[in-house]
Amino acid sequence: MATKKRKVDSECRAFNDEWTWKYFFTAVKDKPVCLICNEAVAVFKEYNISRHFTSKHKNSNYEAMSEYERKQNVESLCKKLSGPQNFFKKGNTIQEAATHASYIVAYKIAENNKALSDGEFVKQCMLQVCYVLCPDKKNNFQTVSLSRKTMTSRIEAIDKKLTSQLESKIGQFKFCSIAMDESTDINDTVQLVLFIRGVDENFEITEELACMRSLKGTTKGCDIFREFQEGLLTLKVPIKNICNITTDGAPNMTGKKSGFLRLFNQNYPGNNVVFLHRVIKMLCVNLH
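What counts, and at which threshold
Residues numbered from 1 in each chain as written. Predicted model: local features only at pLDDT ≥ 70, side-chain atom pairs only at ≥ 80, totals over all residues. Heavy atoms only, no water. pLDDT = per-residue confidence, 0-100. Helix = DSSP H or I, 4+ residues; strand = E, 2+ residues; numbered from the N terminus. Contact = heavy atoms within 4.5 Å. Expected span 1.5 Å × (residues − 1). Buried < 20%, exposed > 50% of the residue type's maximum accessible area, 1.4 Å probe, protein only. Arc of directions from axis to C-beta. Phe/Tyr/Trp six-rings, centres within 6.5 Å; stacked < 30°, edge-to-face > 60°. Lys NZ or Arg CZ within 6 Å of the ring centre and 35° of its normal. 1 Å grid on protein atoms, 1.4 Å probe; cavity = no way out; pocket = protein on both sides within 12 Å on 5 of 7 lines; lining within 4 Å. Points joined across faces, edges and corners; volume = space filled by probe spheres on them. Nonpolar A, V, L, I, M, F, W, Y, C, P; charged D, E, K, R; others polar. Core = buried A, V, L, I, M, F, W, Y, C linked by side-chain atoms within 4.5 Å. Lys, Arg positive; Asp, Glu negative; His and termini not counted. Salt bridge = Lys/Arg side-chain N within 4 Å of Asp/Glu carboxyl O. Polar contact = N/O pair within 3.5 Å; in protein donor to acceptor, adjacent residues only side chain to side chain.

A.B. asks: Give me the confidence of the model for the protein chain: which residues, what numbers.
C.D. replies: Here the protein chain averages 79 in pLDDT, while 86% of its residues score no lower than 70. Confidence, expressed as mean pLDDT per element, reaches its minimum in the protein chain at helix α10 (residues 278-287) with 44 and its maximum at helix α4 (residues 118-133) with 90. Note on residues 5-12: pLDDT is under 50 here. Beyond four places in sequence and across chains, it has four contacts. Confidence drops under a pLDDT of 50 for residues 279-288, and excluding neighbours within four residues, the segment shows one contact in the predicted structure.

Structure below.
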């Protein structure tokens, strides 16, 4: 008959405080660690711990010490062991803070539409201020990476996070409306911008820039409709939840033969979408 294998982890062994001064051991992250050589023993078992002490430190001065002397030495050895651990913990904390700081700068650069290379200029300013106000912290400021490459990766990460949050909110919408517009950027590329406003079952309203799609080549109604579909597909916006679409009055938007609205109705027959164009909104504002 096969014998059942013992599992040491399931025996719930505990560290005995007497082992600290008797064998110069302490518990670190659920492992008994020797205070003299910093080696770890597999389990909390007195036989294993005592065997380590007698085999590794038999001829050392620690074995000949009295109980009082051992307790005195244990205190100083514990401080030596905790020193490196605190150092690495502090290092991790500083690194995490430096990463957080770089994300803050990247967000501000993107929010204010500044060049990615401005991060390096910001770091130079930070270091100069640090030298004046807190020179002892200059190493902490030096660890903050604000290079162009870092700013690019940080902004991309922020964009993915914000997009993920928006997708989560869109998934809770009961109804939503889309506002569309096209404009030419500084590189003469037409950009189609989609804004979304939605309400969930708790009547909480969310209004965000959904996406921006580049129209390379022509800007016909079919081009706008294609980018519209791909934009909604990326954000997983259900067509059935759309109750209103607002556009401008350009022919490629409202044309009866090949405009965006015509193509929308052809591809989604029987929808209850109300189409508006922003001239109506502008007139309302002027009247008020």
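Once you've had a look at it, read on.
A.B. asks: Just give me the short version of α4, but keep the residues and values in it.
C.D. replies: With 16 residues, α4 should cover 22 Å at 1.5 Å per step; its first-to-last C-alpha distance of 22 Å lies within 8% of that length. Along α4, the residues classified as buried are G119, K123, L127 and C130. For α4, the angular spread of buried residues about the axis comes to 80°, placing them on one side. Exposed residues pointing more than 90 degrees away from the buried face of α4 are listed as F121, Q124, Q128, V132 and L133.

A.B. asks: Before we move on, could you go through the packing of aromatic side chains and cite the residues and values that matter?
C.D. replies: Evaluation of the coordinates by the stated rule reveals eight aromatic pairs. Ring plane angle 75° and centroid distance 6.0 Å describe the contact between F228 and F264, whose orientation is recorded as edge-to-face. Here the residue F228 occupies a position in helix α7 (residues 221-235), and F264 occupies one in helix α9 (residues 260-267), the gap between them amounting to 36 residues. Like F264, F228 is buried. Taking 5.0 Å as the distance between ring centres and 50° as the angle between the ring planes, the aromatic pair formed by F264 and Y268 counts as tilted. Cation over ring: R154 sits above Y103, and NZ or CZ is 4.6 Å from the ring centre.

A.B. asks: So, the layout of surface pockets: which residues are in play, and what are the values?
C.D. replies: In this approach a probe as big as a water molecule rolls over the atoms, and the regions it shows empty are the leftover space. Taken as a whole, the largest pocket spans an internal volume of roughly 1200 Å³. Together, 28 residues line the largest pocket, and I155, D159, L162, T163 and L209 are the ones closest to its centre. Where the lining of the largest pocket is concerned, the elements lending two or more residues are α3 (67-111), α6 (148-170), β5 (205-215) and α7. In terms of residue count, the dominant contributor to the lining of the largest pocket is α6 (nine residues). Class assignment for the residues of the lining of the largest pocket results in 14 nonpolar, six polar and eight charged.

A.B. asks: Would you mind going over the nonpolar core in detail, with residue names and values included?
C.D. replies: Residues I178, M180, L194, F228, I242, I245 and F260 are the most contacted members of the largest nonpolar core, which totals 27 residues. At the level of elements, α6, β3 (173-184), β4 (190-200), β5, α7, β6 (242-247) and α9 are the ones that each hand at least two residues to this core. Considering each element in turn, this core owes the most residues, five residues, to α7. In contact with M180, not counting residues within four places along its chain, are L192, V193, L194, I224, F228, I245, T246, T247, D248, M253 and F260. Judged by nonpolar contacts, the second largest core, of 13 residues, contains W19, L35, F44 and L77.

A.B. asks: Give me the lowdown on the side chain of R154, citing residues and values where you can.
C.D. replies: For R154, the position within the fold is in helix α6. Buried charge R154 goes without a salt bridge, the closest partner of opposite sign being E156 at 9.7 Å. One polar contact links R154 to S102, side chain to side chain, over a distance of 2.7 Å. Setting aside anything within four residues of it in sequence, one finds R154 in contact with T99, S102, Y103 and A106.

A.B. asks: Describe in detail the side chain of S102, supporting the description with residues and values.
C.D. replies: On the secondary structure map, S102 appears in helix α3. Only 2.7 Å separates the side chain of S102 from the backbone oxygen of T99, close enough to count as a polar contact. For S102, the contacting residues outside a window of four places in its chain are V144, S145, L146, M151 and R154.

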